[in-house]
Amino acid sequence: MNGETISAADLQSELNEVTYLNEEADAFIEGLQEEVQDLKDALSEAQDSQNNPGGKIDAVSNRHARRKIQEVSEHANKALEFLSTYGLVAESLKVHTTSGKTFHIPFSDDAASEKEDTGFASAYRSFERSLCEQLSTMIAQDATSFQPNQKIKVRISGDGAKFSRTSSFVLLSYAILMPVGRYLSGIGNHTIAVVKGAEDYDTISTAFAATFQEIDGLQQLGFVAVNGVSYNIELFFSSDMKFMLTMLGLNAANSIYACPKCTVHRDCRWDVSKPESYYSTTMARTLVTNRRAFASHGRTAAVHQGSVNRPLTAIPVDHMMIDELRLFLRIFDVMLRNLIKCQSHKHSSLWHTSGAVESHLLFGNLNRVMEKLNGRR
């Protein structure tokens, strides 16, 4: 080496250093191999967890099928996370079973919490997307019931529910008014928004603002596109009296102008001398009149006619229906209470009925009710 002499001790030192480095490299490679094996085991376990351990969707009940669809949605959402690196977002997955059933599986991104934006603990999902998915499934089941030139009627409902002594929720849902839609059962009603809070104007208008904006867009557009075909839609709204007045921006049900359909004064509701068309034409409410009356709020009640807030949706007033069942149950409740009071005044010492009341089967058990009440006095 250029005339230089290297001693045996130097050679031995270099050899020892090379041997040490080689052992270090072997140990590092062995560690990498162990990590690779651990990753392979983890991948194998993940793949096993994604495999369907039970029967196929066609062979299980509807309840188990919905659970399996939820599992597929979660696995597919994880598998498609790489789309974000391309600036893409997966909205839904369309799959078919061997028997021909079609499922549109929405990913979890279409349900978003609005607590930070609205100040309420709320969540919603896209109304248009959910409607298109349900229509696609129904069309696949019975294509003859859906024609592009016919109007598909969609009922949107709202209601408040008390879940405990201290917590209440308000929900918005919709149903497709077609026989195949099973709108009279729970399966045919689909929730699109929920908020934890009181059933008042501030809560509903703030927490459901995005949903109302989407509903108004569909109301103005008048159709939805399903699998490349446009279908005309007609939106309706249904709820109890309290929720209906809130949606229309009107005052409470015991106010002077409380009718959601017309502007009749509270003292003139008894007047039946007017023709039926009088209240649906001359005295009829519209969104335009409600907005105009709200703009004059702050004056007398005769001017604003109960419009204390801006209407929350663009659905016409004649397409907003009060739940008749609740209305008649409340009327019957008041009538029965008045009947009991009337009989108690007539027979204050003896709480029993006689005569014509007993002849009605509807009040056949009223006597026993009064006897029980009399026993508590």
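Residues numbered from 1 in each chain as written. Predicted model: local features only at pLDDT ≥ 70, side-chain atom pairs only at ≥ 80, totals over all residues. Heavy atoms only, no water.

Novice: Explain the overall build of the chain to me, please; I cannot follow it from the model alone.
Specialist: What the chain contains, in helices and strands, is 13 helices and 10 strands. When burial is assessed residue by residue, the chain has 30% of its 377 residues classed as buried. In the chain, once contacts between residues fewer than 6 apart in sequence are set aside, the share between residues at least 24 apart is 56%. Of the roughly 24200 Å² of accessible surface on the chain, a fraction of 55% belongs to carbon and sulfur atoms. (Helix = DSSP H or I, 4+ residues; strand = E, 2+ residues; numbered from the N terminus. Buried < 20%, exposed > 50% of the residue type's maximum accessible area, 1.4 Å probe, protein only. Contact = heavy atoms within 4.5 Å. Areas by Shrake-Rupley, 256 points an atom, 1.4 Å probe, with all protein chains shown as cover.)

Novice: Can you walk me through the nonpolar core in this structure?
Specialist: It is characteristic of soluble globular proteins that their nonpolar side chains tend to be buried jointly. Counting 42 residues, the largest nonpolar core has Phe127, Leu131, Ile152, Phe208 and Phe237 as its most contacted members. For this core, the leading source of residues is helix 4 (residues 127–141), giving 6 residues. Not counting residues within four places of it along the chain, the set of residues in contact with isoleucine 152 comprises Leu135, Phe146, Ile176, Met178, Tyr231, Asn232, Ile233 and Glu234. (Core = buried A, V, L, I, M, F, W, Y, C linked by side-chain atoms within 4.5 Å.)

Novice: Whenever I open this one, the side chain of glutamate 214 confuses me. Can you help?
Specialist: Here glutamate 214 shows up in helix 6 (residues 209–221). There is no salt bridge for the buried glutamate 214, and the closest opposite charge comes from arginine 129, which lies 6.9 Å off by N-O distance. Not counting residues within four places of it along the chain, the set of residues in contact with glutamate 214 comprises Arg125, Ser126, Phe127, Glu128 and Arg129. (Lys, Arg positive; Asp, Glu negative; His and termini not counted. Salt bridge = Lys/Arg side-chain N within 4 Å of Asp/Glu carboxyl O.)

Novice: Looking at this structure, I do not really get the packing of aromatic side chains. What am I missing?
Specialist: Centre distance and the angle of the planes are the two values used to describe a pair of aromatic rings. Inspection of the entire model under this criterion finds 5 aromatic pairs. Considering the side-chain rings of phenylalanine 127 and tyrosine 174, the 5.2 Å spacing of their centres and the 75 degrees angle between planes classify their relative orientation as edge-to-face. Of the two residues, phenylalanine 127 is situated in helix 4 and tyrosine 174 in strand 6 (residues 168–176); the sequence distance between them amounts to 47 residues. Taken as a pair, phenylalanine 127 and tyrosine 174 share a single burial class, namely buried. Seen from their ring centres, phenylalanine 163 and phenylalanine 169 are 4.8 Å apart, and the 75 degrees between their planes marks the pair as edge-to-face. The class of phenylalanine 163 is exposed, set by a relative accessible area of 56%. The ring of tyrosine 278 carries lysine 274 above its face, with NZ or CZ at 5.6 Å from the centroid. (Phe/Tyr/Trp six-rings, centres within 6.5 Å; stacked < 30°, edge-to-face > 60°. Lys NZ or Arg CZ within 6 Å of the ring centre and 35° of its normal.)

Novice: What am I meant to see in a negative patch on the surface here?
Specialist: A cluster of acidic residues, Glu23, Glu24, Asp26, Glu30, Glu34, Glu35, Asp38 and Asp41, forms a negative patch on the protein surface. Looking at where glutamate 35 falls in the secondary structure, it is placed in helix 1 (residues 8–50). (Patch = residues over 30% accessible without salt bridge, like charges linked within 9 Å, V, L, I, M, F, W, Y side chains within 5 Å. Charge placed at Lys NZ, Arg CZ, Asp CG, Glu CD.)

Novice: Which parts of the structure should I look at to understand helix 9 (residues 287–295)?
Specialist: Since there are 3.6 residues in each turn of an α-helix, residues three or four apart along the chain are aligned in direction. For helix 9, every residue scored as buried is listed here: Leu287, Asn290 and Ala293. Buried residues in helix 9, looked at end-on, bunch into an arc of 130 degrees, giving them a common side. Set apart from the buried face of helix 9 by more than 90 degrees, the exposed residues are Arg292 and Ala295. (Arc of directions from axis to C-beta.)

Novice: Any chance you could explain a nonpolar patch on the surface here in plain terms?
Specialist: Residues Leu327, Phe328, Ile331 and Met335 make up a contiguous nonpolar surface patch of about 400 Å² in total accessible area. Tracing the chain through its elements places isoleucine 331 in helix 11 (residues 324–346).

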